[in-house]
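Inside the fold
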Amino acid sequence: MTKPRLTIVADPDAAARQAADVIGNLIKHHPNACLILPTGRTPVGLYHELVVRYQAGCLDFSAIRTFNLDEWVGIPPSSPSSYGYFMDQHLFRKVNLRPENCHVPNGLAADLELECAAYEDQIQAAGGVDLALLGIGQNGHIGFNEPGTPVHTCTHVATVAPLTKSTNAYTFGESPVPDQALTIGIATILASRAIVLLATGADKAEILGRALQGPVSPEVPASILQQHPNVLVISDVAAASGLRAPESKESHPPHP
Ligand code: GLP
């Protein structure tokens, strides 16, 4: 099995530049590439870097297609708590992505199951995903695929774990965090031709170690990435501090 490749950089800014390099390279060779995009604190620096490079004339998003990983149920895109709003603020309005090429699941849909099926169909109709960019939750979730999510899931309605609700509460102010969200599923993520997982900060150290070096288990959804042939993990030093030394070193202990 090919293990995820790991790049450890000094800090979140360096991680953002590294991830922007990967995206820039993809766009250069594949101007109409299809991307899965995450939200959260982690990709903010990456989106800023992409905007800077676009403004410098180095990137053209005019034919790029994007599908966001997830969205809260019941939160309108006009709300600053929604992921649609987040994407508008950090990327969509700031580069030349065409609105019709940017997709975010509709958490207001009257029939959420139907919305998930339609979203999945749109991803397949786009020709599948060239690059899935992911963050990681402190419990190992990717998107809103929380611990226990079966690996065969496509886009679905997810119940948000208590820890995830508390770590995301800062985006809701005094309002309650929704119990449900729509998320691209693990099977759809794994079907992506390439995956980049971004992890920064000491609060991701323990879970990154479990995801990359622990057993592959639905209890740590990101651990399934160990089974994908083309994963790059970009981590800063703080998030990488929970990783054991490479096995090659461990298997050759120094002679006494
Ligand atoms: C949310 C999102 C995830 C994201 C995670 C990590 O739960 N559903 O897709 O990866 O937060 O967020 P942060 O980058 O803020 O740590």
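Structure shown above.
All of the points below concern the structure found in this document. (Residues numbered from 1 in each chain as written. Predicted model: local features only at pLDDT ≥ 70, side-chain atom pairs only at ≥ 80, totals over all residues. Heavy atoms only, no water.)

1. A short note on the site of the ligand
The environment of the ligand is formed by 15 residues, the closest being Arg41, Thr42, Asp70, His141 and Lys204. Backbone polar atom of Arg41 to an oxygen atom of the ligand: 2.7 Å apart, as the coordinates give it. Within the side chain of Asn168, an N or O atom sits 3.2 Å from an oxygen atom of the ligand. Protein burial of the ligand: of its 390 Å² of free accessible surface, 93% is covered by the chains. Per-class residue counts for the shell around the ligand are four nonpolar, eight polar and three charged. (Near = heavy atom within 4 Å. Polar contact = N/O pair within 3.5 Å; in protein donor to acceptor, adjacent residues only side chain to side chain. Areas by Shrake-Rupley, 256 points an atom, 1.4 Å probe, with all protein chains shown as cover. Nonpolar A, V, L, I, M, F, W, Y, C, P; charged D, E, K, R; others polar.)

2. Some remarks on the pattern of salt bridges
Following the criterion strictly, the structure yields six salt bridges and no others. Where Asp21 meets Arg53, a salt bridge forms, and the shortest distance between an N and an O atom there is 2.7 Å. In this pair, Asp21 sits in helix H1 (residues 12-29) while Arg53 sits in helix H2 (residues 44-55), placing the two residues 32 residues apart along the sequence. Given a relative accessible area of 42%, Asp21 falls into the partly exposed group. (Salt bridge = Lys/Arg side-chain N within 4 Å of Asp/Glu carboxyl O. Helix = DSSP H or I, 4+ residues; strand = E, 2+ residues; numbered from the N terminus. Buried < 20%, exposed > 50% of the residue type's maximum accessible area, 1.4 Å probe, protein only.)

3. Digging into the packing of H2 against helix H3 (residues 83-90)
The contact between H2 and H3 brings their axes to 10 Å, and the two run at 40°. One element, H2, and the other, H3, form an angle in the oblique class. Every residue of H3 that contacts H2 at Val44, Tyr47 and Val51 is listed here: Phe86, Met87 and His90. Class assignment of the residues belonging to the contact of H2 with H3 gives a composition of five nonpolar, one polar and no charged. (Axes fitted to C-alpha atoms, helices over the stretch in contact; angles between N-to-C directions. Parallel < 35°, antiparallel > 145°, perpendicular 65-115°, else oblique. Contact = heavy atoms within 4.5 Å.)

4. Structural notes on the pairing of strand S3 (residues 65-68)
One face of the sheet, then the other: side chains in a regular strand alternate in exactly this way. Across the two faces of S3 the burial is the same, with Arg65 and Phe67 and Thr66 and Asn68 all buried. The sheet contact formed by strand S2 (residues 34-37) and S3 spans four bridges and is parallel. By the bridge assignment, Cys34 is partnered in S3 with Arg65. One ladder, built from two bridges, connects S3 with strand S5 (residues 102-103); its direction is parallel. Counted as the bridge partner of Thr66 is Cys102 from S5. (Pairing = 2+ DSSP bridges.)

5. Describing the packing of aromatic side chains
The description of an aromatic ring pair uses the distance of the two centres, along with the angle that the planes make with each other. Using the criterion set out here, one finds seven aromatic pairs in the structure. The rings of Trp72, Tyr83, Phe144 and Phe172 are connected pair by pair, giving a single aromatic cluster. Between Arg41 and the ring centre of Tyr170, over which it is positioned, the NZ or CZ distance is 3.8 Å. (Phe/Tyr/Trp six-rings, centres within 6.5 Å; stacked < 30°, edge-to-face > 60°. Lys NZ or Arg CZ within 6 Å of the ring centre and 35° of its normal.)

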